[in-house]
Amino acid sequence: VLFRSWLSLSGNPVVRVIECWRAQGITLPEGNPTVALEHFERRYGVHLPEDLRLYFSAADGMLDVAGSDFDKNGFRFWRLADVKPATVVCEAYGVPLPDGQQLNKHFVIVDYMQWSWAYAIDLSGPAEGEHSIIHVGTVQPKTVARSFTEFLNLYLRDDAQLYVMADNATEV
């Protein structure tokens, strides 16, 4: 009931993102059932924040097919099955991690321009509270947003904060 009422709000960033993608002709996979979200949490020992949980319930990222694999600006939102710790993803892509960074509870959820860089959310804490999203695959990770909702709002505005060269990004 909470999920359906939350998604019925026209100003909701998840709804707005889905509408934006559909307007671009992007075919979206069905959202994940609760059991898939719970399996992800158990597998990695994390708790998805409510906004990210609702997103993955409504839409399961972007399909890996031409025309639906990224948006008009080059952003690709990952499917839940592809979301993995930044340490694992960076190793698989041959992307070095900055020295001294503890990123094993940061999970890659979006990449930009076929891995010019990516965005990872911190799932180390409880479901409520701050879940910062940082750049991954850059010389120095930067905090882009303090929550998935804030990230979606930045994305919808194509805000400069999303990009590596943004002056107002803060170091992790």
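Predicted model, so just to flag it, every value in this text is computed and none were measured.

Draft legend 1. Main features of the pairing of strand β3 (residues 117-122). For β3, a buried count of six out of six residues is recorded, marking the element as mostly surrounded by other parts of the structure. Side chains Trp117, Tyr119 and Ile121 of β3 all project onto a buried face; the interleaved residues Ala118, Ala120 and Asp122 project onto the opposite face, where all are buried too. Between strand β2 (residues 106-112) and β3, which pair antiparallel one after the other, the connecting turn spans four residues, and Met113 there sits at a positive phi close to 50°. Pairing of β3 with strand β4 (residues 133-136) involves four bridges; the strand directions are antiparallel. Bridge pairing in β4 links Ile121 to Ile133.

Draft legend 2. Seen up close, the nonpolar core. Core analysis: the largest hydrophobic core is formed by 50 residues, its most contacted members being Phe77, Tyr119 and Phe151. Residues within four places of Phe151 in sequence aside, it is in contact with Phe77, Val110, Tyr119, Ile133, Val144, Ala145 and Leu162.

Draft legend 3. Representation of the packing of helix α3 (residues 34-44) against helix α4 (residues 50-58) within the structure. Following both chains from N to C, one finds α3 and α4 inclined at 130°, their axes separated by 10 Å at the closest point. The pairing of α3 with α4 is recorded here as oblique in orientation. Taken as a pair, α3 and α4 cross one another with a handedness that is right-handed. On α4, the residues that touch Thr34, Leu37 and Glu41 of α3 are Arg53, Phe56 and Ser57. Residue composition of the contact of α3 with α4, grouped by class: two nonpolar, two polar and two charged.

Draft legend 4. Broad picture of the side chain of Asp71. With respect to the helices and strands, the residue Asp71 is situated in the loop between α4 and β1 (75-77). Here Asp71 occupies a buried position and makes no salt bridge, while the nearest side chain of opposite charge, Lys72, is found at 7.6 Å. Side-chain polar atoms of Asp71 contact the backbone nitrogen of Asn73, separated by 2.9 Å. Among the polar contacts made by the side chain of Asp71, one reaches the side chain of Tyr155 at a distance of 2.4 Å. The residues touching Asp71, leaving out its near neighbours within four places in the chain, are Trp21, Gln24, Ile26, Met62 and Tyr155.

Draft legend 5. A look at the pattern of salt bridges. Using the criterion set out here, one finds four salt bridges in the structure. Residue Asp60 pairs with Arg79 through a salt bridge whose shortest N-O separation is 3.2 Å. Taken together, the positions of Asp60 in the loop between α4 and β1 and Arg79 in the loop between β1 and α5 (86-93) put the pair 19 residues apart, joining distant regions of the chain. When the shortest N-O distance is used, the salt bridge between Asp159 and Arg157 registers 3.3 Å.

Rules of the game
Residues numbered from 1 in each chain as written. Predicted model: local features only at pLDDT ≥ 70, side-chain atom pairs only at ≥ 80, totals over all residues. Heavy atoms only, no water. Buried < 20%, exposed > 50% of the residue type's maximum accessible area, 1.4 Å probe, protein only. Helix = DSSP H or I, 4+ residues; strand = E, 2+ residues; numbered from the N terminus. Pairing = 2+ DSSP bridges. Core = buried A, V, L, I, M, F, W, Y, C linked by side-chain atoms within 4.5 Å. Contact = heavy atoms within 4.5 Å. Axes fitted to C-alpha atoms, helices over the stretch in contact; angles between N-to-C directions. Parallel < 35°, antiparallel > 145°, perpendicular 65-115°, else oblique. Left-handed = near helix turned anticlockwise from the far one by under 90°. Nonpolar A, V, L, I, M, F, W, Y, C, P; charged D, E, K, R; others polar. Lys, Arg positive; Asp, Glu negative; His and termini not counted. Salt bridge = Lys/Arg side-chain N within 4 Å of Asp/Glu carboxyl O. Polar contact = N/O pair within 3.5 Å; in protein donor to acceptor, adjacent residues only side chain to side chain.

Shape is all these values report; function is a separate question.
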